[in-house]
Amino acid sequence: MSDPATLAADVLRERAPGRSPRLGIVLGSGLGGLAEILGEAVAVPYAKIPGFPTSTVPGHAGRFLIGELGGVTVACMQGRFHLYEGYPAAVIKLPIRTFAALGVEALLLTNAAGSLRAEAGPGSLMLITDHLNFTWTNPLVGPNDDAWGERFVGLEDAYDPELRARLLRIAGKLEIRLHEGVYCSLLGPLFETPAEIRAYKVLGADAVGMSTVPEVIVARHAGLRVAAISAITNMAVGMSDVPIDHAQTLRGAAIAAADLTRLVREFAGSFAAGQGPRG
């Protein structure tokens, strides 16, 4: 039997013949509108891709797109899968390995996150430099698939230093302030308590969210280079008088999306200019 990711990639190639994406992008809560800037895009609902589950969270359209951005072909997930939706961690493997099966050179992950730093307020962007995994699991638990990667995976450079440097250069050129920090991934769907936020700050977290880290782990296992950006949608509980809910997340993401769109377009264009993942 063929590998599930290979089957999924074959379906996408049939829908977008002759297209070879160089960059993969995952769009988080409230950021799906970035997919609208793709040119000549072919959109495939997750329900039409073998093995893909359904995205159940508002702000996640549940489509896989292949299109043109900045002069380069990109593959894009408009919505992701979360552990809090009830999916086992292993479900995260299929979409990320599908990017690898399509031949992308690098993966850009985006998410909506709450800030633990006063200077990085709602509407700003944070380039992830490292993470804390408080989901209490990861997608590689269980038998290893040697065809995709080794049993034990090092994460010392999980967020590719060269890609991070490139994003910082681009942000500077576009006059976009791009904070840098550590992302703390939590199981959800609960928002954190004030005591938890104080604890995460002591541990070195700069932002909190409910995604991304499982995808990073799968991507690194498959040998993909990774960069990730948080759209800061709110201050973490206890740091603001504004009540936290998902509607606020979507509003904050919409504000951050303007700068993120410009940044992602230019980042994609750097691949068209011949700068591979190490450029």
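Model, not experiment: these values are computed from the prediction. (Residues numbered from 1 in each chain as written. Predicted model: local features only at pLDDT ≥ 70, side-chain atom pairs only at ≥ 80, totals over all residues. Heavy atoms only, no water.)

Draft legend 1. Representation of the overall build of the protein chain. Helix and strand counts for the protein chain come out as 6 helices and 9 strands. A compact globule built from 279 residues would reach a C-alpha radius of gyration of about 19 Å, and the protein chain, at 17 Å, matches this within 12%. Viewed in the frame of its principal axes, the protein chain has a C-alpha envelope of about 50 × 45 × 35 Å. The buried share of the protein chain, taken over its 279 residues, is 55%. Counted over contacts in the protein chain with a minimum sequence separation of 6, partners at least 24 positions apart contribute 83%. Accessible area of the protein chain: about 11400 Å², with a carbon and sulfur share of 55%. The positive charge centre, built from 24 side chains, and the negative charge centre, built from 27, are 3 Å apart in the protein chain. (Helix = DSSP H or I, 4+ residues; strand = E, 2+ residues; numbered from the N terminus. Rg over C-alpha atoms; globule rule 2.2 N^0.38 Å. Buried < 20%, exposed > 50% of the residue type's maximum accessible area, 1.4 Å probe, protein only. Contact = heavy atoms within 4.5 Å. Areas by Shrake-Rupley, 256 points an atom, 1.4 Å probe, with all protein chains shown as cover. Lys, Arg positive; Asp, Glu negative; His and termini not counted. Charge placed at Lys NZ, Arg CZ, Asp CG, Glu CD.)

Draft legend 2. Region of interest: helix H2 (residues 93-102). Within H2, 9 of the 10 residues are buried, which leaves the element mostly enclosed by the surrounding structure. Every buried residue of H2 is accounted for by Lys93, Leu94, Pro95, Ile96, Arg97, Thr98, Phe99, Ala101 and Leu102. In this fold, the buried residues of H2 make contact with helix H1 (4-15), strand E1 (23-27), strand E3 (63-69), strand E4 (72-78), strand E5 (106-115) and helix H5 (213-221). Two residues or fewer after H2 comes Gly103, characterised by a positive phi angle close to 90°.

Draft legend 3. Local environment of the packing of aromatic side chains. One pass over the full model with this rule turns up 9 aromatic pairs. Judged by centre distance (5.4 Å) and plane angle (50°), the rings of Phe134 and Tyr200 are tilted. Pair noted here: Phe134 is in strand E6 (residues 125-134) and Tyr200 is in helix H4 (residues 194-203), with a separation of 66 residues, a long-range link. Under the relative-accessibility criterion, Phe134 is labelled buried at 19%. When the ring of Phe267 is compared with that of Phe271, the centres are 5.4 Å apart and the planes differ by 85°; the resulting orientation is edge-to-face. With a gap of 4 residues between them, Phe267 and Phe271 both fall in helix H6 (residues 246-272), about one helical turn apart. Classification of Phe271 as buried rests on a relative accessible area of 0%. One aromatic cluster in this structure is built from Tyr46, Phe52, Phe64, Phe81, Tyr87 and Phe99. Cation over ring: Arg166 sits above Phe271, and NZ or CZ is 4.8 Å from the ring centre. (Phe/Tyr/Trp six-rings, centres within 6.5 Å; stacked < 30°, edge-to-face > 60°. Lys NZ or Arg CZ within 6 Å of the ring centre and 35° of its normal.)

Draft legend 4. Looking closely at unusual backbone geometry. Note the cis peptide between Gly188 and Pro189, where omega equals 0°. For Glu40, which is not a glycine, the phi torsion comes out positive at approximately 50°. Structurally, Glu40 is set in strand E2 (residues 39-45). Judged by its relative accessible area of 67%, Glu40 is exposed. A positive phi is found at Trp136, a non-glycine position, where the angle reads about 70°. Within the secondary structure, Trp136 is located in the loop between E6 and helix H3 (161-173).

Draft legend 5. Main features of H1. Taking 1.5 Å of rise per residue, the 12 residues of H1 would be expected to cover 16 Å, and the 17 Å separating its terminal C-alpha atoms lies within 8% of that figure. The complete set of buried residues in H1 reads Ala5, Ala8, Ala9, Val11 and Leu12. Down the axis of H1, the smallest arc covering the buried residues is 155°, so these residues share one side. The inward-facing, buried residues of H1 contact E2, E3 and H2. For H1, the N-terminal capping position is held by Asp3, with its side-chain oxygen 2.9 Å away from the main-chain nitrogen of Ala5. (Expected span 1.5 Å × (residues − 1). Arc of directions from axis to C-beta. Polar contact = N/O pair within 3.5 Å; in protein donor to acceptor, adjacent residues only side chain to side chain.)

Draft legend 6. The arrangement of the pattern of salt bridges in detail. Enumeration over the complete set of coordinates arrives at 10 salt bridges. Between Arg13 and Asp10 there is a salt bridge, with the nearest N and O atoms lying 3.2 Å from each other. Of the two residues, Arg13 and Asp10 both sit in helix H1, 3 residues apart, roughly one turn of that helix. Of the residues examined, Arg13 reaches a relative accessible area of 34% and is grouped as partly exposed. The partner of Glu105 in a salt bridge is Arg22, with the nearest N and O atoms 2.7 Å apart. (Salt bridge = Lys/Arg side-chain N within 4 Å of Asp/Glu carboxyl O.)

Draft legend 7. A look at the nonpolar core. In terms of nonpolar packing, the biggest core is built from 42 residues, with Ile49, Phe52, Phe64 and Phe99 touching the most fellow members. Put simply, the parts of the chain that give this core at least two residues each are H1, E3, E4, H2, E5, E6, H5 and strand E9 (225-235). Residues within four places of Phe99 in sequence aside, it is in contact with Gly24, Ile25, Val26, Phe64, Ala75, Cys76, Met77, Val104, Leu107 and Leu224. Listed in part, the 34 residues of the second largest apolar core include Leu69, Val74, Leu108 and Ala231. (Core = buried A, V, L, I, M, F, W, Y, C linked by side-chain atoms within 4.5 Å.)

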